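The chain contents come next:
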Amino acid sequence: MAFRFLSPLHGFLAAVFVLCLAGQADALELKPFKDDLFAYPATLSTGDGGAYTVIDYREMRDINQRDEVPEKRVHPQYTDTGVRKVQQDLMLKTDAGDVRHVAVGKTQDAGLIVLYLHGQGGSRKQGVDDFTFGGNFNRLKNLMAGNGGLYLSPDFPDFGDKGAAQVAALIDHYAEQSPGAKIFVACGSMGGALCWKLAARNDTGRRINGLLLLGSLWDESFLASPAFRRHVPVFFGQGSHDVVFPVANQEAFFRSIIARSKAYPYPTRFVRFETGTHGTPIRMVDWRGTLNWMLSKAP
C-alpha cells in the first residue's frame, strides 16, 4: 500500500477547508414554526429568473376562513401566546430621543435581530399583536424566540430624519449587545420611508443585512446607498390591488435594482399577492422562508 505524506502547508489548508465547511453547515437557519399553516397558497407564475413570484391570494380563504373574527382575531391554531413570557415593553434613552419599543427574545447575544417598522397610524403594539394579520406577527415572535433571536417593534416620532435617527440608535444599541447578529429591518406601508433612510445612512447602511418592504413604497436613492453597494438582500411583498402604493411602481423599482447592480443576480425577491390589497403582505409574508433566504445571502 502506498502512503502519501502531506506537507505542513497542505495540512493547514486542509484544516481551513474543513473549518469552512463546518461553518457553512452551522450557518443559522430558522427552525419551523407552524409552517403548514403559513405556507404560501398556489404559485400562479414566476419570472426574473425565479426572483419574481405571483401567489394566488383569496380574501374568502385567506381572511374569512383563517380568522375567527375577520381582520381582528385569527383562529387559535395559528398562534402560541406562550412567547409572551420573553416579551418586554422597554424604553431606551438615546441621544436621538427616548425610544419606546417591545423586545421579544434575547436582548443580549442574539443570533439575529429583526425589526418591524409600522406604517401611518400604527405603533409598537401593532408589531406584537398576536391575533391580527392572521397571526403572522405571533409567528415572527415565536420564530425569533425559538431560534435564539431578538425581535423589536419600536415607536418613532415620524417617517423622516428624526424617526430614522431614533431607529438607528435602537439598532446601534442592540447590535452592541449582540455583536455577531445579522440585522434585518421589515417595513410596513409608510414605514418603508425609514427602511430607505436607514439604507442610506453611513452607520446603519453598513450594518444592516436585509430589508423587507411589505405593501410599501420605493426610493431611487437606494441605488446610491451603502446598503445597495454591499448587496444587502431586499424582499418586496405587494398586493396587486394596493391602491396606496401601486404594484406596477414597486415592480418597476424591483427590476431597476436588478438592472443597476453589478452583482449578478442581485439578492432581491418580489412576491405579488394576486388580488391582495394594501395590508395583504403583512398578513401573508412567509417570515421563515424569507428570513432563511436572507440569512443565506446576507453580507
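As recorded in an unreviewed UniProt entry, the protein chain goes by the name Alpha/beta hydrolase, listed as coming from Mesorhizobium jarvisii.

A. Quick peek at the state of the cysteines. Counted under the stated rule, the structure contains one disulfide. Across the disulfide, Cys-187 is cross-linked to Cys-195 (sulfur-sulfur distance 2.1 Å). Taking the torsion about the sulfur-sulfur bond, which here is approximately 90°, the covalent link between Cys-187 and Cys-195 counts as right-handed. Both residues of the pair, Cys-187 and Cys-195, count as buried.

B. Up close: the environment of Phe-270. Here Phe-270 shows up in strand β12 (residues 268-274). Owing to a relative accessible area of 0%, Phe-270 belongs among the buried residues under this scheme. With residues up to four places along the chain from it excluded, the contact list for Phe-270 reads Ala-51, Tyr-52, Thr-53, Phe-236, Gln-238, Val-247, Gln-250, Glu-251 and Phe-254.

C. Here's a closer look at the sheet that holds strand β5 (residues 87-94). As summarised here, the arrangement of the 10 strands in space is β1-β2-β12-β11-β10-β9-β7-β8-β6-β5, forming an open sheet in which the pairing is mixed. Lying at the two open borders of the sheet, with one neighbouring strand each, are β1 (43-47) and β5. Along the sheet, successive strands turn relative to each other by an average axial angle of 20°, direction set aside. Relative to strand β8 (residues 150-154), helix α4 (residues 136-146) is tilted by about 140°, and along the sheet it contacts β5, β6 (97-105), β7 (112-117) and β8. On top of the sheet, helix α10 (residues 287-297) reaches β7, β9 (182-188), β10 (210-214), β11 (234-239) and β12; it is set at about 150° to β10, its chief contact.

D. A look at the packing of α4 against α10. Between α4 and α10, the least distance of the axes is 10 Å, while the angle of their chain directions is 45°. Relative to α10, α4 is oriented oblique. Residues Asn-136, Phe-137, Arg-139, Leu-140, Leu-143 and Met-144 of α4 form the contact with α10, whose own contacting residues are Trp-287, Arg-288 and Leu-291. When the residues that make up the contact of α4 with α10 are grouped by side-chain class, the tally is six nonpolar, one polar and two charged.

E. Inspection of helix α5 (residues 161-177) at higher detail. The end-to-end C-alpha distance of α5, which contains 17 residues, comes to 24 Å, matching closely the 24 Å that a straight helix rising 1.5 Å per residue would cover. Within α5, burial applies to Gly-163, Ala-164, Gln-166, Val-167, Ala-168, Ala-169, Leu-170, Ile-171, Tyr-174 and Ala-175. Contacts made by the buried residues of α5 are with β5, β6, β7, β8, β9 and α6 (192-200).

F. Just the nonpolar core, in detail. Residues Ile-113, Leu-115, Val-185, Trp-196, Leu-211, Phe-222 and Phe-236 are the most contacted members of the largest nonpolar core, which totals 50 residues. Those residues in contact with Trp-196, other than ones at most four positions away along the chain, are Leu-211, Leu-213, Leu-217, Trp-218, Asp-219, Phe-222, Val-234, Phe-236 and Phe-253. Residues Val-83, Val-128, Leu-140 and Met-294 belong to the second largest nonpolar core, which totals 33 residues.

G. How the structure looks around the packing of aromatic side chains. Under the defined criterion, the tally for this structure stands at 17 aromatic pairs. A centroid spacing of 5.4 Å and a plane angle of 55° characterise the contact between Phe-254 and Phe-270, whose relative ring orientation is tilted. Of the two residues, Phe-254 is situated in helix α8 (residues 247-260) and Phe-270 in strand β12; the sequence distance between them amounts to 16 residues. Each member of the pair, Phe-254 as well as Phe-270, is classed as buried. Taken together, Tyr-52, Trp-196, Phe-222, Phe-228, Phe-236, Phe-253, Phe-254, Tyr-266 and Phe-270 form an aromatic cluster joined through their ring pairs. Seen from the ring of Phe-131, Arg-73 lies directly overhead, with NZ or CZ sitting 3.9 Å from the centre. Note that Arg-255 overlies the ring of Tyr-52, its terminal NZ or CZ placed 4.8 Å from the centroid.

H. Spatial organisation of α10. Counting buried residues along α10, eight of its 11 residues qualify, which places the element largely inside the surrounding structure. For α10, the complete set of buried residues consists of Trp-287, Arg-288, Thr-290, Leu-291, Asn-292, Trp-293, Met-294 and Leu-295. Capping the start of α10 is the job of one residue whose side-chain oxygen sits 3.3 Å from the backbone nitrogen of Arg-288: Asp-286.

I. Here's a closer look at the packing of α5 against α6. Interhelical geometry of α5 versus α6 gives an angle of 65° and a closest axis separation of 9 Å. Comparing their axes, α6 and α5 come out roughly perpendicular. In this structure, the crossing between α5 and α6 has a hand that is right-handed. Contacts between α5 and α6 involve Asp-161, Gly-163, Ala-164, Val-167, Ala-168 and Ile-171 from the former and Leu-194, Lys-197 and Leu-198 from the latter. For the contact of α5 with α6, the class distribution of residues is six nonpolar, one polar and two charged.

About the thresholds
- Residues numbered from 1 in each chain as written.
- Predicted model: local features only at pLDDT ≥ 70, side-chain atom pairs only at ≥ 80, totals over all residues.
- Heavy atoms only, no water.
- Disulfide = S-S within 2.5 Å.
- Buried < 20%, exposed > 50% of the residue type's maximum accessible area, 1.4 Å probe, protein only.
- Helix = DSSP H or I, 4+ residues; strand = E, 2+ residues; numbered from the N terminus.
- Contact = heavy atoms within 4.5 Å.
- Pairing = 2+ DSSP bridges.
- Axes fitted to C-alpha atoms, helices over the stretch in contact; angles between N-to-C directions.
- Parallel < 35°, antiparallel > 145°, perpendicular 65-115°, else oblique.
- Nonpolar A, V, L, I, M, F, W, Y, C, P; charged D, E, K, R; others polar.
- Expected span 1.5 Å × (residues − 1).
- Core = buried A, V, L, I, M, F, W, Y, C linked by side-chain atoms within 4.5 Å.
- Phe/Tyr/Trp six-rings, centres within 6.5 Å; stacked < 30°, edge-to-face > 60°.
- Lys NZ or Arg CZ within 6 Å of the ring centre and 35° of its normal.
- Polar contact = N/O pair within 3.5 Å; in protein donor to acceptor, adjacent residues only side chain to side chain.
- Left-handed = near helix turned anticlockwise from the far one by under 90°.

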